[in-house]
Amino acid sequence: MARLLLAVVVAFFITVSLFFLMQALIASGDQTLEDPKPGAVLDFVRLKKEETVEQKDRKPRKPPPPKEPPPQMEQPQMDSPTPDADGSGIAFEADVGGDVALGGGLALESGDGEYLPIVKVAPVYPRRALSRGIEGFVIVEFTVSKLGAVKDIRVVEATPPDIFNQAAMDAAQKFKYKPRVVNGEPAEVSGVQNRITFQIDG
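Let me begin by describing the structure that accompanies this report. (Residues numbered from 1 in each chain as written. Predicted model: local features only at pLDDT ≥ 70, side-chain atom pairs only at ≥ 80, totals over all residues. Heavy atoms only, no water.)

Summing up its helical and strand segments, the protein chain has three helices and ten strands in all. Each helix and strand of the protein chain, placed in order from N terminus to C terminus, yields the pattern α-β-β-β-β-α-β-β-α-β-β-β-β. With 202 residues in all, the protein chain has 24% of them scored as buried. A total of about 16200 Å² of accessible surface is found on the protein chain, and carbon and sulfur atoms cover 58% of it. (Helix = DSSP H or I, 4+ residues; strand = E, 2+ residues; numbered from the N terminus. Buried < 20%, exposed > 50% of the residue type's maximum accessible area, 1.4 Å probe, protein only. Areas by Shrake-Rupley, 256 points an atom, 1.4 Å probe, with all protein chains shown as cover.)

Okay, here's the thing in structure tokens:
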């Protein structure tokens, strides 16, 4: 009988304990199903800083101004020979050569200077010599005046003779010079020789 009573008491305590345990579980389950308490939610969005692209203005640079060319020495001008009257297609050239002064000495005083050729005109090739294919040369001698003009022209040597003489003298008559200066004054130069060559190209 005592054992039966002890079993009933133990069973009662176990039943009560299970009942409270179930109540506790039900209560905790109801709390988990409740909605969360409203609150402020801060959303942080990190924005990238706008990158500014610098565009360089690549304009072409102006070229540097060209350096001034050195002054050129005064050179004698050469006029083109007059075309032959019959219009033949033969090419020719006439070289007036350089000058050789036979008379007078070189002025050495300060401020003085020798005569210099300014203009030399190429002679006209004689029609008869051009049509026959004749070539040659003429050495003329003349005087350079105080004004730089040519006077007293004569033929010193000619090959072949009497073919190119007149053409050479006509060309020499048109020569222009810077006159010689002696002691600050222009002076004539006599005995100036010039070789004029007549040659057919080709």
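When the charged atoms of two side chains lie near each other, side chains of opposite charge can form a pair. Counted according to the given criterion, the structure contains three salt bridges. Residue glutamate 141 pairs with arginine 154 through a salt bridge whose shortest N-O separation is 3.4 Å. Of this pair, glutamate 141 sits in strand E5 (residues 136-144) while arginine 154 sits in strand E6 (residues 150-159), and the two are 13 residues apart along the sequence. Judged by its relative accessible area of 45%, arginine 154 falls in the partly exposed class. In this structure, glutamate 188 and lysine 151 form a salt bridge, with 2.6 Å as the shortest nitrogen-oxygen distance. Taken together, the residues span a long stretch of sequence, with glutamate 188 in the loop between strand E9 (185-187) and strand E10 (189-200) and lysine 151 in strand E6 at a distance of 37 residues. Of the residues examined, lysine 151 reaches a relative accessible area of 32% and is grouped as partly exposed. (Salt bridge = Lys/Arg side-chain N within 4 Å of Asp/Glu carboxyl O.)

Right, let's talk about the packing of aromatic side chains for a bit. Counted according to the given criterion, the structure contains eight aromatic pairs. Measuring from ring centre to ring centre gives 6.1 Å for phenylalanine 142 and tyrosine 177, while their planes differ by 45 degrees; the resulting arrangement is tilted. You can see phenylalanine 142 sitting in strand E5 and its partner tyrosine 177 sitting in strand E7 (residues 176-178), a full 35 residues away along the chain. For the pair phenylalanine 142 and tyrosine 177, one class covers both residues: buried. Three or more aromatic residues link up through ring pairs in this structure, and these residues are Tyr115, Phe142, Phe175 and Tyr177. The lysine or arginine in question, lysine 120, covers the ring of phenylalanine 175, its NZ or CZ lying 5.8 Å from the ring centre. In this structure, arginine 195 is placed above the aromatic ring of phenylalanine 137, and the distance from its NZ or CZ to the ring centre is 3.8 Å. (Phe/Tyr/Trp six-rings, centres within 6.5 Å; stacked < 30°, edge-to-face > 60°. Lys NZ or Arg CZ within 6 Å of the ring centre and 35° of its normal.)

Let us look at unusual backbone geometry. Cis geometry is found at the peptide bond from threonine 159 to proline 160, where omega equals -10 degrees. In this fold, proline 160 is placed in the loop between E6 and helix H3 (165-173). Phi at aspartate 152 is positive, roughly 55 degrees, even though this residue is not glycine. For asparagine 183, which is not glycine, the phi dihedral falls at a positive 55 degrees. Structurally, asparagine 183 is set in the loop between strand E8 (180-182) and E9.

What follows deals with the nonpolar core. Counting residues in each nonpolar core, the largest one holds 22 residues, and the members touching the most others are Tyr125, Val138, Val140, Phe142, Val144, Tyr177 and Phe198. Of all elements in the fold, only helix H2 (127-132), E5, E6, H3 and E10 reach the threshold of two or more residues within this core. Residue contributions to this core peak at five residues, all from E10. (Core = buried A, V, L, I, M, F, W, Y, C linked by side-chain atoms within 4.5 Å.)

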